[in-house]
Amino acid sequence: MIKTILNIFRQQAQEHKTIKAFYYNRNYELGSGNEAHPLFWLEDPVYGRNENNVFSNSVNFSILFLPTTEESISHLQNLAFSIGLNIIERIKKNPLSEISIRPDWTYTTLREYYDNNSCGCRFSINFTQVNMQNLCLIEEQFDVEKEFDDAEILKSFDVSATPNNDIFYQKLPDFDIKTRKQ
């Protein structure tokens, strides 16, 4: 399911005439200077919940440009909004996309965004997706006779004495901690 969601947005970014790169990653990786712009950034994590065998999901994505002048920022924000809107509408019109975008999406304009001072628009969209799990195959995913392997939790430590040192590994420590004044 997650791969399907990523592929839907990757395809839109790849096929859009203006977008030069697609990334799916956490936002703290954004603005490193390694990205080609205009950029489609799909944020990790993808959020979701199950409601009666229908998944309700939420994603955030940004369309980002690198402005050359202060005056170009509003123009690029407008262009980013137009690109994001076209992508949303294209997904909605595609019956093969396997998702249904809800009409409650939002956008935020961006200026001096992250380390590379990019600008554009960030979109938050909610969509539904049918639970595609083949319920007939659930029992094939489990083994009622399975047992966990015994694995050594901690590595063995060498407790042998070295010259001029003695190790008293069988002697318990003696704690004489004062709990009140005498």
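Please refer to the structure placed before this passage.
These lines cover the structure that appears in this document, whether it is placed above or below. (Residues numbered from 1 in each chain as written. Predicted model: local features only at pLDDT ≥ 70, side-chain atom pairs only at ≥ 80, totals over all residues. Heavy atoms only, no water.)

### Some details on the pattern of salt bridges
Overall, the coordinates contain 6 salt bridges when judged by the stated rule. One salt bridge in this structure joins Glu 15 and Arg 90, with 2.8 Å as the shortest N-O distance. With Glu 15 in helix 1 (residues 2-15) and Arg 90 in helix 2 (residues 72-93), the pair connects residues that are 75 residues apart, well separated along the chain. By relative accessible area, Glu 15 is classed as partly exposed at 40%. The partner of Lys 92 in a salt bridge is Glu 89, and the shortest N-O contact between them spans 3.2 Å. Pair noted here: Lys 92 and Glu 89 are both in helix 2, with a separation of 3 residues, about one helical turn. Residue Lys 92 is classed as partly exposed on the basis of its relative accessible area of 40%. In this structure Glu 89 comes out as partly exposed when scored by relative accessible area, which is 31%. (Salt bridge = Lys/Arg side-chain N within 4 Å of Asp/Glu carboxyl O. Helix = DSSP H or I, 4+ residues; strand = E, 2+ residues; numbered from the N terminus. Buried < 20%, exposed > 50% of the residue type's maximum accessible area, 1.4 Å probe, protein only.)

### As for helix 1
The end-to-end C-alpha distance of helix 1, which contains 14 residues, comes to 20 Å, matching closely the 20 Å that a straight helix rising 1.5 Å per residue would cover. The set of residues buried in helix 1 consists of Ile 5, Leu 6, Ile 8, Phe 9, Gln 12 and Ala 13. Angular distribution of buried residues about the axis of helix 1 spans 155 degrees; they occupy a single face of the element. Within helix 1, the exposed residues directed more than 90 degrees away from the buried face are Lys 3 and Gln 14. (Expected span 1.5 Å × (residues − 1). Arc of directions from axis to C-beta.)

### A few points about the side chain of Asn 57
With respect to the helices, strands and loops of the structure, Asn 57 is situated in strand 4 (residues 54-65). A polar side-chain atom of Asn 57 sits 3.3 Å from a polar atom in the side chain of Gln 129. Those residues in contact with Asn 57 that sit more than four places away from it in its chain are Met 1, Ile 5, Tyr 47, Gly 48, Ile 125, Asn 126, Phe 127 and Gln 129. (Polar contact = N/O pair within 3.5 Å; in protein donor to acceptor, adjacent residues only side chain to side chain. Contact = heavy atoms within 4.5 Å.)

### Focus on the nonpolar core
The nonpolar side chains of a soluble globular protein tend to be buried, and buried together. The biggest cluster of nonpolar side chains holds 29 residues, and the ones touching the most others in it are Phe 9, Phe 40, Phe 61, Ile 63 and Ile 125. Excluding residues within four positions of it along the chain, Ile 125 makes contact with Phe 9, Asn 57, Ser 58, Val 59, Phe 61, Ile 88, Ile 101 and Trp 105. Core analysis: the next-biggest nonpolar cluster, separate from the first, contains 7 residues, Ala 21, Leu 30, Trp 41 and Tyr 113 among them. (Core = buried A, V, L, I, M, F, W, Y, C linked by side-chain atoms within 4.5 Å.)

### Side note on the packing of aromatic side chains
All told, the structure shown has 10 aromatic pairs when counted by the stated rule. Taking 6.2 Å as the distance between ring centres and 35 degrees as the angle between the ring planes, the aromatic pair formed by Phe 9 and Phe 40 counts as tilted. In this pair, Phe 9 is assigned in helix 1 and Phe 40 in strand 2 (residues 39-43), connecting sequence segments 31 residues apart. Relative accessible area serves as the criterion here: at 0%, Phe 9 is assigned to the buried category. Note on Phe 40: relative accessible area 0%, which makes it buried. Linked through ring pairs, Phe 9, Phe 22, Phe 40, Phe 61, Phe 81, Trp 105, Tyr 107 and Phe 123 together constitute an aromatic cluster. (Phe/Tyr/Trp six-rings, centres within 6.5 Å; stacked < 30°, edge-to-face > 60°.)

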